[in-house]
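For reference, the chains in residue letters:
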Amino acid sequence: GMTVHAAWSPWRKDDSRSVRHLLWLLIVAALHVAAVDKSKFRTCKQGSFCRRYEKYTEHILKTGDVVHALDPSSIALDGTNAVRASLVYTQQQEDSPGGDTNSGPLSLQVAFYRDKVAGHCGIVRLLVDAGPSAASRFRLPAGDVILEDLAADEVVLEASEGLTVVRA
């Protein structure tokens, strides 16, 4: 005759030992995940940047205020493949959302690239920095996360009647 073997099922009596092992494994895994020492991680309340950023975003969402604006007179070429401009702070010192007292302009750089393999354009790197007067900040080393094997795309600025167009 023909023998038929039943597939494994957690409800079969002879497989109850396997089910117990599986449940035990799941319990141990859950306990291990719950055993993370959360005191070793900072909370948002402990970080000054995070506290200021929360106040900033709450203010923007409540009021709809524009806090930074592009200064059109500062738009200029930066090399052959980038444009640099200033982002000016639009709020008065006492109205500063998040209590930010550094109201100097931010430096904006937009750089345009092509990939070296196919020559496709459309690769843009955006950098907003507190400017040269600010304390030195961490920057990712070249080649760490950002690809370095990109070809610079040529950028042209076209200005007419209060409008500046960047063409790459």
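Everything here concerns the structure above.
So, here's what we can say about the structure.

Calculation notes
Residues numbered from 1 in each chain as written. Predicted model: local features only at pLDDT ≥ 70, side-chain atom pairs only at ≥ 80, totals over all residues. Heavy atoms only, no water. Core = buried A, V, L, I, M, F, W, Y, C linked by side-chain atoms within 4.5 Å. Buried < 20%, exposed > 50% of the residue type's maximum accessible area, 1.4 Å probe, protein only. Helix = DSSP H or I, 4+ residues; strand = E, 2+ residues; numbered from the N terminus. Contact = heavy atoms within 4.5 Å. Polar contact = N/O pair within 3.5 Å; in protein donor to acceptor, adjacent residues only side chain to side chain. Pairing = 2+ DSSP bridges. Phe/Tyr/Trp six-rings, centres within 6.5 Å; stacked < 30°, edge-to-face > 60°. Lys NZ or Arg CZ within 6 Å of the ring centre and 35° of its normal.

## Some points on the nonpolar core
Part 1 of the reasoning: Counting residues in hydrophobic clusters, the biggest one holds six residues: Val83, Leu87, Leu108, Val110, Phe112 and Val155.
Part 2 of the reasoning: For this core, the secondary structure elements donating two or more residues are β2 (82-89) and β3 (106-115).
Part 3 of the reasoning: Phe112 has contacts with Asn81, Ile123, Val124, Ala152, Asp153, Val155, Val166 and Ala168, leaving out every residue within four places of it along the chain.

## A word on the side chain of Ser107
Part 1 of the reasoning: Relative to the helices and strands, Ser107 resides in strand β3.
Part 2 of the reasoning: Judged by its relative accessible area of 16%, Ser107 is buried.
Part 3 of the reasoning: At 2.7 Å, the side chain of Ser107 and the side chain of Arg84 are in polar contact.

## So, the pairing of β3
Put simply, side chains in a regular strand alternate between the two faces of the sheet.
Part 1 of the reasoning: Burial runs high along β3: seven of the 10 residues are buried.
Part 2 of the reasoning: Both β2 and β3 contribute to a ladder of six bridges, which runs antiparallel. Paired with Ala82 across the strands is Ala111, a residue of β3.
Part 3 of the reasoning: Two elements, β3 and strand β4 (residues 121-129), share eight bridges in a ladder whose sense is antiparallel. The partner of Leu108 across the bridge, within β4, is Val128.
Part 4 of the reasoning: Between β3 and β4, which follow one another and run antiparallel, lie five residues, and Gly119 among them has a positive phi close to 80 degrees.

## Here we look at the packing of aromatic side chains
Part 1 of the reasoning: One pass over the full model with this rule turns up two aromatic pairs.
Part 2 of the reasoning: Each ring, one from Phe49 and one from Tyr53, has its centre 6.0 Å from the other, and the planes form 15 degrees; the classification is stacked. Taken together, the residues span about one helical turn, with Phe49 and Tyr53 both in helix α2 (residues 48-63) at a distance of four residues.
Part 3 of the reasoning: On the basis of relative accessible area, Phe49 is assigned to the exposed category, the value being 58%.
Part 4 of the reasoning: A ring pair is formed by Tyr53 and Tyr56, whose centres lie 6.3 Å apart and whose planes are at 25 degrees; its orientation type is stacked. Taken together, the residues Tyr53 and Tyr56, both in helix α2 and three residues apart, mark about one turn of the helix.
Part 5 of the reasoning: Chaining the aromatic ring pairs together yields one cluster made of Phe49, Tyr53 and Tyr56.
Part 6 of the reasoning: The aromatic ring of Tyr113 is capped on one face by Arg125, whose charged end is 4.8 Å from the ring centroid.

Fair warning: the whole summary comes from geometry, so function is off the table for now.
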